[in-house]
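Listed below, chain by chain, are the residues.
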Amino acid sequence: MSQPNFPEKSIFICDGSKCGKHKEIRKIFKESIKTHGLKNTVEIVKIECTDRCKHAPVMCFQPKNQWFTDVSIWQAENIFKEMILD
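Calculation rules
- Residues numbered from 1 in each chain as written.
- Predicted model: local features only at pLDDT ≥ 70, side-chain atom pairs only at ≥ 80, totals over all residues.
- Heavy atoms only, no water.
- Helix = DSSP H or I, 4+ residues; strand = E, 2+ residues; numbered from the N terminus.
- Rg over C-alpha atoms; globule rule 2.2 N^0.38 Å.
- Buried < 20%, exposed > 50% of the residue type's maximum accessible area, 1.4 Å probe, protein only.
- Contact = heavy atoms within 4.5 Å.
- Areas by Shrake-Rupley, 256 points an atom, 1.4 Å probe, with all protein chains shown as cover.

Notes on the overall build of the chain
When helices and strands are counted, the chain shows two helices and four strands. Starting at the N terminus and walking to the C terminus, you meet the elements of the chain as β-α-β-β-β-α. In summary, the chain has a C-alpha radius of gyration of 13 Å against a globular reference of 12 Å for 86 residues, a match within 12%. When the backbone C-alpha atoms are referred to their principal axes, the chain occupies close to 45 × 30 × 20 Å. Split into buried and exposed, the 86 residues of the chain put 35% on the buried side. Taking as baseline every contact in the chain between residues at least 6 positions apart, the subset at least 24 positions apart corresponds to 64%. Accessible surface, the chain: about 6100 Å² in total, of which carbon and sulfur atoms supply 50%.

Quick look at unusual backbone geometry
In terms of backbone geometry, most residues other than glycine have negative phi values and most peptide bonds are trans. Of note, the bond from A56 into P57 is cis; its omega dihedral lies within 30 degrees of zero at -5°. Structurally, P57 is set in the loop between β2 (42-47) and β3 (59-62). Cis geometry marks the peptide bond from Q62 to P63, where omega comes out at 20°. Residue placement: P63 occurs in the loop between β3 and β4 (66-68). One non-glycine residue, D51, lies in the positive phi region at around 60°. For D51, the position within the fold is in the loop between β2 and β3.

So, in structure tokens, the structure goes:
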């Protein structure tokens, strides 16, 4: 039986009621993955509410286990470069 193909890196993004309103952040990450040809090595995973609504949007980058809160559109590209491209 063959093993499933898992990505090298994952971006877990909270999709609770407050975080889910920040769809533009997820869109920036999706576009960056496509632009850099990382479709087979990086995936975005929507997760249930993290109960940190005051700090929306909340996301976690794996395998570094680095959490980010209050991410703005302007920060998203820099975070992607730092956590995925470096």
